[in-house]
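# Topology and contacts: notes
Chain by chain, the residues run as shown.
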Amino acid sequence: MGLLKSQVGKLMSGPDGHQPQDPLTVAGGGRSKTEVPSSNAAAGLGAITTRQHPQGPPEERVTDKLYEARKQVHNKRIDGPFRRFKWFVMAMTLTIYYATPWLRWDRGPYAPDQAVLVDLANRRFYMFGIEIWPHEFYFVAGLLIMAGIGLFLVTSAVGRAWCGYSCPQTVWTDVFQHVDRFVDGDRNARMRLEAAPWTWGKVLRRAFKWIIYLIVGFWTGGAWIMYFADAPALVHDFWRGEAAPVAYVTVAVLTLTTVTLGGFMREQVCIYMCPWPRIQAAMMDEKSLLITYKDWRGEPRGSVKKARAEPARFGDCIDCTQCVQVCPTGIDIREGPQIGCITCGLCIDACDKVMAEIGRPRGLIDYATLEDCQQEAAGAAPRPAWKALLRPRTLAYLGIWSAIGMAMLFALGTRTHIGLTVSSDRNPPFMLMSDGSVRNSFTLKLRNMTSAPREMTVTLDGLAGGTLWTDRVARESASRHQTVTVPADASQTMRAYVAMPPGSSAQSFAFDLSTEDAKPERVSSETHFSAPEH
């Protein structure tokens, strides 16, 4: 080992026997010292590079981190058109969410009277006068497709407006931010309280605020489970401890997630967890409306005093940071489009208010497309934002969305409220009776999708000379048709037997199901009659 060290020392030494100054010597603790500039990658991830200038002390610089500690966002209260519209959307969405389970809808004595109900036990979905059965799941699929295309439409037209106003994460984050203002005060008061040491006053204030958080989260989870059972009965059973265990577990989980995501994580969900901003970024183009800082008008920034002294030198932005202070995600829109912008428009309200106070035209921060920004920077007059909505891509999305909606309405209006499913026996496919006739057996499933019992007639369509009877009717009463009463909002299964005279051959036919009440309806299901080969 000693010989190896001596050989290495000779190789590293100069002609005069002295060690040359290594331009990159890695010291302990991941520190890298050098007298010549070198990249951060040469020192390794997380290393501290020390660069010694010819005339000056060594300087240290920490390399970029993979992760950055969260900076708490304390947004400021603001008033303006976008804030008022945000208030309106929040009130409307929360009212719909909390109040809908309590709405009643009369469907008759045989069906639930809750207006919107997901009846998992009976596999039904009720929405006012519409009832969706499991075999009609295509209506739910159509609604999901319409929701997706609707998001594409909104994104292509006005960017991330869904995120800024209607997204549940945004709505409940807004609720919790208003709770913060109610308990801790506006932005400056919350920042002072955040930096203050933990005293009994701060502990009590935090406890009071978190109790409100829990109440909001509990109401959120409680309202959700009411969509899956009768709301008044469920609330009564819940508080008496008689509800199903899954109800208590669901409320506990939703309370925890609502408080965690909306009360504490907030903008981190929008920036890091939600995939929709990445999808939207790929969908937007130079014709999409975005909230834009018009840097050609605002730069260079300067205070009002400096701008008055040298009006030709400074732009309209006075660097008041009001746009940053009101942002619910804490971004600086002046740095350009970024994934943290949820397009809520609060920065527009703040900037327009400042521009009005200093006597400058509004719109330094405004909705604009990239094309309009380029034209306006070249000296063209600003184009009204609504004109950017009328373009082929937006109209195409609107046309597709409307076509799907019209097709679903047509299918909903023309659908029948009875159903028939036929399944033939395969083992054996037929039976030879003692009189030489051929009998086939079938399983019929009759559906009555109305709120009252209905008499339905099953008739043979085809099979000349064939007769029909069921497990409820003796063969002596066989005929071409049989009448069955099906209960309200239910399916009924029965066995059906079809017989043909001796010598009959295999052939196709159909079962017809019809009603002769106030709203006569008819459906048919084709099947096959099996017979021996002659």
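This structure is a prediction, so every number in the text was calculated from the model and none was measured. (Residues numbered from 1 in each chain as written. Predicted model: local features only at pLDDT ≥ 70, side-chain atom pairs only at ≥ 80, totals over all residues. Heavy atoms only, no water.)

## Some thoughts on the overall build of the protein
Of regular secondary structure, the protein possesses 18 helices and 18 strands. Considering only residue pairs separated by 6 or more positions, the protein has 65% of its internal contacts joining residues 24 or more positions apart. (Helix = DSSP H or I, 4+ residues; strand = E, 2+ residues; numbered from the N terminus. Contact = heavy atoms within 4.5 Å.)

## Overview of the sheet that holds strand β5 (residues 116-119)
One open sheet holds the three strands; their spatial order is β5-β6-β7, and the pairing between them is antiparallel. Either end of the sheet is taken by a strand with one partner, and the two such strands are β5 and β7 (130-132). Going across the sheet, the axis of each strand differs from the next one's by a mean of 10 degrees, ignoring polarity. Bridging between strand β6 (residues 124-127) and β7 involves three bridges; their strand directions are antiparallel. Pairing of M127 across the sheet is with I130, part of β7. (Pairing = 2+ DSSP bridges. Axes fitted to C-alpha atoms, helices over the stretch in contact; angles between N-to-C directions.)

## A look at the sheet that holds strand β18 (residues 522-529)
Taken in spatial order, the four strands of this open sheet run β15-β13-β17-β18, and their pairing is antiparallel. Here the strands that pair on one side only, and so sit at the sheet edges, are β15 (481-486) and β18. Looking at each pair of strands side by side, their axes are set apart by 25 degrees on average, direction ignored. Here strand β13 (residues 454-461) pairs with β15 via six bridges, running antiparallel. Looking across to β15, one finds that E455 is bridged to T485.

## Remarks on the side chain of R160
By secondary structure assignment, the location of R160 is in the loop between α4 (137-158) and α5 (161-166). Buried charge without a salt bridge: R160, with E267 as the nearest opposite-charge side chain at an N-O distance of 12 Å. If we skip the residues at most four places from it in the chain, R160 touches C270, P277, Q280, I339, G340, C341, I342 and T343. (Buried < 20%, exposed > 50% of the residue type's maximum accessible area, 1.4 Å probe, protein only. Lys, Arg positive; Asp, Glu negative; His and termini not counted. Salt bridge = Lys/Arg side-chain N within 4 Å of Asp/Glu carboxyl O.)

## Side note on a nonpolar patch on the surface
A surface patch of nonpolar side chains, about 600 Å² in accessible area, is lined by W198, W200, V203, W210 and F264. Ranked by residue count, the leading element in the nonpolar patch is helix α8 (residues 200-225), at three residues. In this structure, F264 sits in helix α10 (residues 245-265). (Patch = residues over 30% accessible without salt bridge, like charges linked within 9 Å, V, L, I, M, F, W, Y side chains within 5 Å. Areas by Shrake-Rupley, 256 points an atom, 1.4 Å probe, with all protein chains shown as cover.)

## Describing the packing of α4 against helix α12 (residues 276-283)
α12 packs onto α4 with a crossing angle of 60 degrees between their chain directions and a minimal axis gap of 10 Å. Viewed along their axes, α4 and α12 adopt a mutual orientation that is oblique. Once α4 is placed against α12, the crossing between them reads as right-handed. Contact residues: α4 offers L151, F152 and T155, while α12 offers W276, Q280 and M283. Each residue belonging to the contact of α4 with α12 can be placed in one class, and the counts come to four nonpolar, two polar and no charged. (Parallel < 35°, antiparallel > 145°, perpendicular 65-115°, else oblique. Left-handed = near helix turned anticlockwise from the far one by under 90°. Nonpolar A, V, L, I, M, F, W, Y, C, P; charged D, E, K, R; others polar.)

## Considerations on helix α9 (residues 231-239)
Inspection of α9 places A231, L234 and F238 among the buried residues, and these make up the whole buried set. Burial along α9 is one-sided: seen end-on, the buried residues are contained in an arc of 65 degrees. Those residues of α9 that are buried lie in contact with α8 and α10. N-capping of α9 is provided by D230, with a side-chain oxygen placed 3.3 Å from the backbone N of A233. In the segment just after α9, G241 is the residue with positive phi, at about 75 degrees. (Arc of directions from axis to C-beta. Polar contact = N/O pair within 3.5 Å; in protein donor to acceptor, adjacent residues only side chain to side chain.)

## Side note on the environment of P487
The residue P487 is located in the loop between β15 and β16 (490-500) in this model. Assessed through its relative accessible area of 40%, P487 is described here as partly exposed. In sequence terms P487 and E455 are 32 residues apart; their C-alpha atoms lie 8.9 Å from each other. Those residues within four positions of P487 in sequence are excluded, and the remaining contacts are N448, P453 and Q492.

## A few points about the side chain of D352
Checked against the element boundaries, D352 lands in helix α16 (residues 346-358). For D352, a relative accessible area of 16% gives the class buried.

## Describing the confidence of the model for the protein
Predicted confidence across the protein gives a mean pLDDT of 85, with 87% of residues reaching 70 or more. Here helix α2 (residues 40-43) is the element of the protein with the lowest mean pLDDT, 38, and helix α3 (residues 81-99) is the one with the highest, 96. (pLDDT = per-residue confidence, 0-100.)

## A look at the pattern of salt bridges
Throughout the structure, instances matching the rule amount to 34 salt bridges. Taking the shortest distance from any N to any O, the salt bridge between E299 and R301 comes out at 2.8 Å. In this structure, R362 engages D366 in a salt bridge whose closest nitrogen and oxygen atoms are separated by 3.2 Å.

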